[in-house]
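Coordinate inspection notes
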Amino acid sequence: MTDEQGKDPHKGLDVIGTHVPPPSEVNDTIVMGASILAGICAIVFAVGLTLGGPMIVYGSALAVGLLALAVAVRRYFAAAYPDIEGVEPREIPDAEPTRQEDAEPVAEVEPVHRRTVVQRMLIGAAALFGLSLATPVASLGPAPGDTLRRTEWEEGRRLVTPDGEPLRPDDVAVGGISTVWPEDAVEVESSAVILVRLSTGAPRPPTNLDWVVDDDLVAYSKVCTHAGCPVGLFRERDDALFCPCHQSTFDAARGAVPTFGPTARALPQLPMGVDDDGFLVALGDFTEQVGPTFG
Amino acid sequence: MTPLFRFVFDTLDARLRLRGPAREVLNKVFPKHWSFLLGEVALFSFVILVLTGIFLAMFYRPSDDPIVYTGSAELFRGRTLPGAYASIVELSHDVTGGLLFRRIHRGAAYLFVASALAHLLRILLTGAFRRPREVNTHIGTTLLILVIALAYTGQNLVFDLLAGSSLRIGYATLGSVPLIGESLIMAVFGGAYPGQVVPRFFALHVLILPAMLAGLLTLHLVLVARQRHTQFPVKGVDAQRYVVGAPLWPSQFAASTTLALVVGGVLAAFAVLVPWSDFDLHGPLVVGHASNAGHAEWWLFYVQGAITLFPAFDWFFPGFAVTHMFVFGTVLPLGLFGLLYAYPFIERRLADYDADIDNHLCSRPLDVPVRAGLVFAMTTFVTVLTVATTNDVLARGLRVPVEAVMWTFRVGVVALPLLVGWAAYARARAQVRRRQAAKPATVEPSTKVPA
Amino acid sequence: MSAVRGLLGWSGLAAVIALVWIGVSAGGPVRADVEEDPPEQQSLRGDTLYSNHCARCHGADGTGGSNELSPPLVGMEAARVDLVLRTGRMPPAREDGSGQGDIEWDDDNREVLLAHLTAVFDLEGSIPSPEEGEAAVGREVFAKHCAACHGYTGDGGVGGAGAFVPRLLGLDPVTVAEAVRVGPFQMPRFAEEQVSDQDLGHIVAYLEEVAAEEATLLNLVELNPVFLAAFVGVLAIAMLFSCLWIAGRVTMFPDAAPTAADAAETEGGDA
């Protein structure tokens, strides 16, 4: 292989057009100016960063400097070098594709004794082994069981505020809402509950009236049955729970049945009552799956 | 060559025999067109992401265990925050350059996704995916998936209130897969929400996904070098046989260097002007709470639009369920990517040119009517879904109930893609017919290799 | 002579400017005279204010009118009345009761009117006054009770069915406190057991901190992903133009298809 510049089309450059730019003082001035600006900006950036200066100073220096350098590079190359148009041959496929039998073998050494069965057993073992290397995926998490379908709510668990304080029915004003959790299980995602005191009076079926306290205090799961966002908005006058993510709307006075939006299931209602000390308690876990339906 | 460079080169050449390969590389010819630079924009965004990412990784704490923040930020001083969020608050407020590099990193991520999509559109519309480049096209589609995975894991590492909703919806999407949903959740999250997501996403975002991306990207570029670039027809040269353009040195080197500097400069400028990744007011992820007016990141808007727009259903079967979230959150996006993978083969079937010969020419977007119709229709479909996500902003701006906006988009998402696709197809067909009528019959169309 | 004329001229001009200034100030939003009156005078003033601005819809005896926006005032919460006066929602701009009010209640007038209404219509409760709070605590309280509707930046949002959640920045502390306790229109009410009086102070401190948040040169503070997407669009366009500039071509797609004659011409280089 010759290293000389020459006729070898794979090493040299086949030129079909050249444009030599005329010398231009304006261009040289631009390159010099841009280079100086870029240099100054580089220094300001470095010094500014080291001194802990305001971000606007070293940030702008970085931006302006890079852009000035870009202008300088482009202008320099445009003026210092000719604009060349060259050609390079592509690898041309054969006009007639060679047939499989006539093609050169990829490897030169062929097997001398054909052992098909033995070969297949070997390949089979290797394949099995390869597949088995995928099994560590099973260690990535515990078997789901029903962990994802259960919540921390159970009979006798008090409803507490995010600060852990148990609630009495009177703590929630008419037309008021509160996010509540099971006692000792604050911020366990599946167990988020929104407590609502309806402003339009007593709820109607399919709300379970046995789980309603004070005739208008009702609790639903806060986990949206569409994609799981917390349903935190409450339109007091309509008694409507509204999910901010995809605008699913639930009628809190009618068992949190969906009235609009991409959700198909109502929010499960929490069985709720009052314990002997007057605090709100759960009467058991939800009777439906909380959150989005699993596949 | 400057004397120093010459000395270094000669020294290395004496030991490594560089001269030959160097000549071959530097004299390589690159066709010139603005749309060929889109892939390079993506490449330079990736480089900037890696550089800024290395800086950010020096400060990030990959755990959600609570710590007390004692830095300078007024809104958090003395409060208990998840470790990951606290480390980023420290980086933004107490480390010089922290906020600037965070913003550049986020801006570069957005630009990476945007330029990858623009590059994909260029490949589709100019037919650069045709034989022999189907393999490289598939590698490119896989790269796009990796880019989106990187963006998703990166966004959620911040562990703020928006990330909370984003993760919860990802969790619901996994769970909606029939039969294996809950196992998928356990495999990815390692437990009930939020699970082990912070350290796992950290490993994915910083190690696994960048390594896969870098490897595939190298393969992608090697294949482009080997198969050489496609190019538009050029007067006087048979572009099927020869690549015509400017050599790597000096022209393409100058262009690429300029582009790299411009990408850096523009990202830095935007980082100063636009608070890309500021999140003090979002606050950390708090289980059980979400904010109004929260959305996914823009490159997921089409998925959010899909799971918002279409009417609700949950189909129950013995032993499993097919839910709205599964169909529109999983099947639809996978279907779109499946279409992308399948498209070279779809066009082979439907187009009227000879698809069994190598093609190195770029066509114009309306040259192949079937392609114009399909690409325009699908792009419109994804765009309508994307814009549909902004329904709450539109409702507020126009003082119209959000339900009315949703219904408008429900109609639009079916009607507009069909209309636009059909219009593109009809116009392309008319244009092709006009051009064929004007050409003399003996001339072969530019997509064939002369015998 | 000319000096005197000049002096007269300038004084006249100054006088004209002063008169115009006074006229413009006086011709702005309706304002009653601000003076310190004895109690009977104040009560009379309150009565006058009520008759002029409220009685037409709410009735001379406060028993209310025909539509939802003119409820009976007898026995209403004082905080609710004060809130709608502070926010300028009452009296409304339009006949049908909609629109923000065009009467600017200054503190004196509002207090006088409120005192009159409390006496005459037995308004209940008192006006909350939030204490000093910490912004850092307020951020957490806000996230847990308020962000779901008002957005994490207090920017507001949609509530569905035509309900729009308002922006909270620039409101005075008492307005915020009253809104939390009263739950006006579609907003739920938060009793003291859920959001304590101390918490009200924290929320106010947080909102003030948000309003004072450092903005970029474009006056932007943390952005909603939708507006960020708009800026991504601008970024993409900036990069598109950069590509056009670097590639140095003006036309979008070159229009030179080779003809048979061209193919027969010299193909550059060695084959």
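Here, the structure is the one placed above.
Definitions and cut-offs
- The residue count restarts for each chain, going from 1 along the sequence in the order it is written.
- For naming, the first written chain is A and the first written ligand is 1, with later ones following in the order written.
- Where totals are concerned, whole chains, interfaces and linings use all residues; where local detail is concerned, this predicted model gives features only for residues with pLDDT of at least 70, and gives and counts side-chain atom pairs only at 80 or more.
- Starting at the N terminus, helices and strands are each numbered in turn, a helix being any DSSP run of H or I of at least four residues and a strand any DSSP run of E of at least two.
- Here the C-beta atoms are placed from the backbone, and a residue counts as buried if at least 20 other C-beta atoms lie within 10 Å of its own, exposed if 12 or fewer do, and partly exposed otherwise.
- Residue pairs qualify as contacts under a 7 Å threshold applied to their C-beta atoms, which are placed from the backbone.
- In this description, a nonpolar core means buried residues of the types Ala, Val, Leu, Ile, Met, Phe, Trp, Tyr and Cys, linked to one another by C-beta atoms lying within 7 Å.
- Under the grouping applied here, Gly and all other residues not named as nonpolar or charged are polar, the nonpolar ones being Ala, Val, Leu, Ile, Met, Phe, Trp, Tyr, Cys and Pro and the charged ones Asp, Glu, Lys and Arg.
- Only strands joined by at least two bridges in the DSSP assignment are considered to pair.

Here we take up the overall build of chain B. In terms of regular secondary structure, chain B is built from 15 helices and 6 strands. The principal-axis extent of the C-alpha atoms belonging to chain B is close to 75 × 65 × 45 Å. In chain B, which comprises 451 residues, the proportion classed as buried is 53%. Within chain B, residue pairs in contact and separated by at least 24 positions form 74% of the contacts whose partners lie at least 6 positions apart.

One finds Leu195, Leu241 and Ala252 of chain A together with Val41, Phe112 and Leu267 of chain B to be the most contacted residues of the largest nonpolar core, which totals 256 residues. Considering each element in turn, this core owes the most residues, 16 residues, to helix H5 (residues 98–126) of chain B. Filtering out sequence-adjacent residues up to four positions away, Phe112 of chain B remains in contact with Ala42, Ser45, Phe46, Leu49 and Val147 of chain B.

Moving on to unusual backbone geometry. With an omega dihedral of 10°, the bond running from Pro205 of chain A to Pro206 of chain A counts as a cis peptide bond. The residue Pro206 of chain A is located in the loop between strand E5 (193–197) and strand E6 (217–221) in this model. In this chain, Tyr193 of chain B is followed by Pro194 of chain B through a cis amide linkage whose omega measures -5°. By secondary structure assignment, the location of Pro194 of chain B is in the loop between helix H8 (181–189) and helix H9 (197–227). Unlike most non-glycine residues, Phe159 of chain B shows phi in positive territory, near 60°. With respect to the secondary-structure elements, Phe159 of chain B resides in the loop between helix H6 (134–157) and helix H7 (161–175). Given 28 C-beta atoms within 10 Å, Phe159 of chain B falls into the buried group. If you check the backbone angles, Arg399 of chain B has positive phi at about 55° while not being a glycine. Tracing the sequence through the fold places Arg399 of chain B in the loop between helix H14 (391–398) and helix H15 (402–438).

By convention, interface size is frequently given as the accessible area that disappears when the constituent parts associate. The partner chain B presents 78 residues to the 67 residues of chain A that form the contact. Put simply, the parts of the chain that give the side of chain A that touches chain B at least two residues each are helix H2 (55–80), strand E2 (83–89) and strand E10 (257–260) of chain A. Counting residues per element, the side of chain A that touches chain B draws most heavily on H2 of chain A, which supplies 13 residues. Residues of the side of chain A that touches chain B, tallied by class, amount to 37 nonpolar, 19 polar and 11 charged. For E2 of chain A and strand E4 (residues 242–247) of chain B, the ladder comprises 4 bridges, and the chain directions are antiparallel. Counterpart to Gly86 of chain A in the pairing with E4 of chain B is Gly245 of chain B.

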